[in-house]
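Analysis of the macromolecular model
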Amino acid sequence: MSEQQAWYKQFWPWFLIILPLCAVVASLATFKIALDNSDSLVAEEYYKKGKAINMDLSKIQYARQLGMQFLVTVKDGSITLEQHGGPAYAAALDTHFYHPTIAERDFDKMLTQDASGLYRISPEKEISGFWEVRIESFDGKWRLQKRLELAEGKEHWLN
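Quick look at the structure, then. Given the structure is predicted, the values throughout are model-derived calculations rather than measurements.

Conventions and cut-offs
- Residues numbered from 1 in each chain as written.
- Predicted model: local features only at pLDDT ≥ 70, side-chain atom pairs only at ≥ 80, totals over all residues.
- Heavy atoms only, no water.
- 1 Å grid on protein atoms, 1.4 Å probe; cavity = no way out; pocket = protein on both sides within 12 Å on 5 of 7 lines; lining within 4 Å.
- Points joined across faces, edges and corners; volume = space filled by probe spheres on them.
- Nonpolar A, V, L, I, M, F, W, Y, C, P; charged D, E, K, R; others polar.
- Core = buried A, V, L, I, M, F, W, Y, C linked by side-chain atoms within 4.5 Å.
- Buried < 20%, exposed > 50% of the residue type's maximum accessible area, 1.4 Å probe, protein only.
- Helix = DSSP H or I, 4+ residues; strand = E, 2+ residues; numbered from the N terminus.
- Contact = heavy atoms within 4.5 Å.
- Phe/Tyr/Trp six-rings, centres within 6.5 Å; stacked < 30°, edge-to-face > 60°.
- Polar contact = N/O pair within 3.5 Å; in protein donor to acceptor, adjacent residues only side chain to side chain.
- Pairing = 2+ DSSP bridges.
- Axes fitted to C-alpha atoms, helices over the stretch in contact; angles between N-to-C directions.

**Topic: the layout of surface pockets**
The gaps left among the atoms become clear once a water-sized probe is rolled over them. Each pocket or cavity is described by its volume, and for the second largest pocket that value is around 180 Å³. Together, Glu 104, Arg 105, Asp 106, Phe 107, Lys 109, Ser 122, Pro 123, Glu 124, Lys 125, Glu 126, Ile 127 and Trp 131 line the second largest pocket. Of the residues belonging to the lining of the second largest pocket, the class tally is four nonpolar, one polar and seven charged.

**Focus: the nonpolar core**
Ranked by internal contacts, the top residues of the largest apolar core, which has 23 residues, are Phe 70, Leu 81, Leu 93, Phe 97, Trp 142 and Leu 150. If you list the elements that add at least two residues to this core, you get β1 (69-75), β2 (78-85), β3 (93-98), β4 (107-111), β5 (119-121), β6 (129-137) and β7 (143-150). Residues in contact with Leu 150, not counting those within four places in the same chain, are Val 72, Val 74, Phe 97, Ile 127, Ser 128, Gly 129, Trp 131, Val 133 and His 156.

**Some points on the packing of aromatic side chains**
A complete count under the given rule lists 10 aromatic pairs for this structure. A ring pair is formed by Phe 11 and Trp 12, whose centres lie 5.0 Å apart and whose planes are at 75 degrees; its orientation type is edge-to-face. By relative accessible area, which is 54% here, Phe 11 ends up exposed. What makes Trp 12 exposed here is its relative accessible area of 55%.

**Remarks on the side chain of His 156**
Note on placement: His 156 falls in strand β8 (residues 155-158). Given a relative accessible area of 15%, His 156 falls into the buried group. Polar side-chain contacts of His 156 include one of 2.7 Å to the backbone oxygen of Glu 149. Setting aside its immediate chain neighbours within four residues, His 156 contacts Phe 70, Leu 71, Val 72, Leu 148, Glu 149 and Leu 150.

**Here we look at the sheet that holds β2**
Pairing in this open sheet of four strands is antiparallel, and the strands run β5-β2-β1-β8 from one edge to the other. For this open sheet the edge positions go to β5 and β8, each flanked by a neighbour on one side alone. When strand polarity is set aside, the average angle formed by the axes of neighbouring strands in this sheet is 25 degrees. Pairing between β1 and β2: seven bridges, direction antiparallel. Paired with Phe 70 across the strands is Gln 83, a residue of β2.

Written out as structure tokens, the structure is:
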């Protein structure tokens, strides 16, 4: 008879060790991915934000009563806002652009009219895809918001 080999020279012990070891490595990798990519959409103070929604709805309702309408146009990498309804508004606009999944892409600007009566934004990065666009009066009395698919050459009504 042949001599029996030491356990570490045999195939089956290593095979049985590698299977659970792969599961441990995979779970550690998954844990690292989960830590690095935390969900930024969950609000810390969800109750306070929920209460603030009612105030926001009254601003939106007031804008509808006034008949405020803006045409949002994307052309040559810049965004143009042009008023078409409601009382003439020449004061500054507080604009917010929220990306639905990537909070780092969100941006906001305080805009003033140019000589032709248009509000213009030149974003630092290319803006395309779906965005939650929010326009608010400088004094905070009215607000317009809508989810738009922004793309080069497209026009959208914000009312």
